[in-house]
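Read off the chains here:
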Amino acid sequence: MADGKVELREAQESTTVVVIGAGPAGLTVANLLRKCGVDCVVLERRSREYVAQRQRAGIVETRAVRMFASWGLADLVLGGPPHDGILEFRVDGESHLVDDSDGSEGPGARLCPQQVLVQKLTAAHLADGGDLRYEVADVSLHDLTGDRPTVRYRSADGIPHTITCTFVAGCDGDHGVTRTAVPDGVLTAHTLDHGIGWLTVLADAPPPAHPLLAVSPQGFAAHFPRGPHSSRYYLQCPPDDHPDAWPDDRVWDALRTRLADPALTAGPITDRETFRLRSLVHDPMQYGRLFLVGDAAHIVSPMGGKGMNLALYDADLFARAVRDHVRDHDDTGLRTYSQRCLRRVWNDQEFSDWLTRTVHDAGDDTRSGSFQRNLARARLDRLFTSPAAAQAFAELMTGMDPDQNHPVSTGR
């Protein structure tokens, strides 16, 4: 004790993997490692309540559903009804239904909002005896290129902790601490600002019959289900717009116009925000014994719903690589983790960029010009009329794996 202050004694412990971040990526890593019998500790700076209510993605695509099923977790973690495989494009009010299932056998995509997936993954991990610690502060990573890295943090009660581990999984998103622990010059950041803004609105309003993407001269709009009585809407807006520029009446007027649905039912708006569409890839996704998973390594345009699903794939590859190291002393998965992840990341980045440019350029041409508008309209026409184009689109929406030599994990 000095100056009347009690000096807290540091708690020291060890584990195989420290997982930083308790979103979909971190919780998937933790659950899969537990399935392998690999011990881990999950650290999350936010409260459990905050993480459980954070709303983002809404569809777990087919490949991710089958990945969870292969680990024996599908029924436990996937809530919500099956996605019927139909996506509606509405171009100047004319409806076009596109089948986004690839026709393969097995379980398909599920309508599962991120918060539902997180809640179920949390419950599964804790029920299996998992170690999950919320409201941690001052997280720092040390000795990442050595044999036994350490992670230091301060728990909610103020006690300092040091955890010695074999690997660190950086699952704490684009603004987390794990990627900043990598020295300057090690990672190459590939970035793209799409020059597009979105207003995203969550409302207690009836969901659409099918996920809906609408193209109009007034700009892009979308309507997605987020539960039996709630919807998420997206409206193209200037990249630097503020949510206050979009009062309720303006939101509903714009949606009715762009969705070509004058009778669209309004409801209480529970959340709204604006953001710029951007894409980002960090290469490599590994530094020493730190492995970046999900948004800590890559951000993808929301078009196509690839962000959360890419994080789930990263988690699967990382868990299998650790399993092989621990069980079989095989480091192949660890050595090739970044290469294999990035091949899929770039595949999905290209698809999301293609879809982003198509639905925005095909509408309001003040940003891209009439030439790009007509090119985008041609791409949509090909999608609606060519079975081959529709099949390629379905494969990409489903979550086609470009690394065909490495099928979905069999869990154990």
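Residues numbered from 1 in each chain as written. Predicted model: local features only at pLDDT ≥ 70, side-chain atom pairs only at ≥ 80, totals over all residues. Heavy atoms only, no water.

**Regarding the overall build of the protein chain**
A tally of helices and strands in the protein chain yields ten helices and 20 strands. Taken over the C-alpha trace, the protein chain has a radius of gyration of 22 Å; the compact-globule value for 412 residues is 22 Å, and the two agree within 12%. The principal-axis extent of the C-alpha atoms belonging to the protein chain is close to 70 × 55 × 40 Å. Buried positions account for 54% of the 412 residues belonging to the protein chain. The contacts in the protein chain between residues at least 6 apart in sequence include a share of 72% that link residues at least 24 apart. As displayed, the protein chain has an accessible area near 17,800 Å², and 49% of this comes from carbon and sulfur atoms. Put simply, the protein chain has 43 plus and 56 minus side-chain charges, and the middle of one group is 2 Å from the middle of the other. (Helix = DSSP H or I, 4+ residues; strand = E, 2+ residues; numbered from the N terminus. Rg over C-alpha atoms; globule rule 2.2 N^0.38 Å. Buried < 20%, exposed > 50% of the residue type's maximum accessible area, 1.4 Å probe, protein only. Contact = heavy atoms within 4.5 Å. Areas by Shrake-Rupley, 256 points an atom, 1.4 Å probe, with all protein chains shown as cover. Lys, Arg positive; Asp, Glu negative; His and termini not counted. Charge placed at Lys NZ, Arg CZ, Asp CG, Glu CD.)

**Brief notes about the side chain of Gln-349**
Mapping Gln-349 onto the fold places it in helix α8 (residues 332–361). Among all residues touching Gln-349, those that are not within four sequence positions of it are Ser-279, Leu-280, Val-281, Ile-299 and Val-300.

**Observations concerning the sheet that holds strand β1 (residues 11–14)**
Paired through their backbone hydrogen bonds, the strands of a sheet run either parallel or antiparallel. Pairing in this open sheet of four strands is mixed, and the strands run β1-β11-β10-β9 from one edge to the other. The open sheet has two edge strands, β1 and β9 (137–142), and neither has a second partner. Strand-to-strand twist in this sheet, taken as the mean axis angle between neighbours without regard to direction, amounts to 15°. Pairing between β1 and strand β11 (residues 160–164): four bridges, direction parallel. The residue of β11 that forms the bridge with Glu-13 is Ile-163. (Pairing = 2+ DSSP bridges. Axes fitted to C-alpha atoms, helices over the stretch in contact; angles between N-to-C directions.)

**Describing the pairing of strand β3 (residues 40–43)**
Burial of β3 is two-sided: the residues Cys-40 and Val-42 facing one way and the residues Val-41 and Leu-43 facing the other way are all buried. Two strands pair when backbone bridges link them, and strand β2 (residues 17–20) and β3 are joined in this way by four bridges, in the parallel orientation. Bridging from a neighbouring strand, Val-19 pairs with Val-42 of β3.

**Notes on the nonpolar core**
Counting 72 residues, the largest nonpolar core has Val-17, Val-29, Val-60, Phe-68, Leu-117, Val-151 and Phe-318 as the members making the most contacts within it. A total of eleven residues in this core trace back to one element, the largest contributor, which is helix α7 (residues 307–328). Discounting residues that sit within four places of it in the chain, Val-60 has contacts with Val-65, Leu-78, Ala-109, Arg-110, Cys-112, Leu-117, Met-308, Asn-309 and Leu-312. If you look at the next biggest cluster of nonpolar residues, it comprises 25 residues, including Leu-213, Ala-222, Ala-376 and Met-397. (Core = buried A, V, L, I, M, F, W, Y, C linked by side-chain atoms within 4.5 Å.)

**Let's talk about the side chain of Thr-200**
Relative to the assigned elements, Thr-200 resides in strand β13 (residues 188–203). Classification of Thr-200 by relative accessible area gives buried; the value is 3%. Engagement of the side chain of Thr-200 in a polar contact is seen with the side chain of Arg-232, the distance being 2.7 Å. Beyond its immediate sequence surroundings of up to four residues, Thr-200 is in contact with Arg-232, Tyr-233, Tyr-234, Asp-271, Arg-272, Glu-273 and Phe-275. (Polar contact = N/O pair within 3.5 Å; in protein donor to acceptor, adjacent residues only side chain to side chain.)

**A closer look at the sheet that holds strand β18 (residues 286–287)**
Strand order in the open sheet formed by six strands is β8-β3-β2-β12-β19-β18, with mixed pairing between adjacent strands. A strand with exactly one partner marks an edge of an open sheet, and here the two such strands are β8 (131–133) and β18. Sheet strands touched by α7: β2, β12 (167–170) and β19 (290–292). Its angle to β12, the strand with the most contacts, is close to 175°.

**Side note on the pattern of salt bridges**
All told, the structure shown has 18 salt bridges when counted by the stated rule. Asp-138 is paired through a salt bridge with Arg-154; the nearest N and O atoms lie 3.8 Å apart. Of this pair, Asp-138 sits in strand β9 while Arg-154 is found in strand β10 (residues 150–154), placing the two residues 16 residues apart along the sequence. The network of salt bridges with common partners includes Glu-13, Asp-131 and Arg-133. (Salt bridge = Lys/Arg side-chain N within 4 Å of Asp/Glu carboxyl O.)

**Structural notes on the environment of Thr-265**
Mapped onto the elements, Thr-265 comes out in the loop between α6 (248–258) and β17 (269–283). For Thr-265, the residues in contact, after removing those within four places along its chain, are Ala-205, Pro-206, Tyr-233 and Trp-252.

Nothing here speaks to function; it is all geometry.
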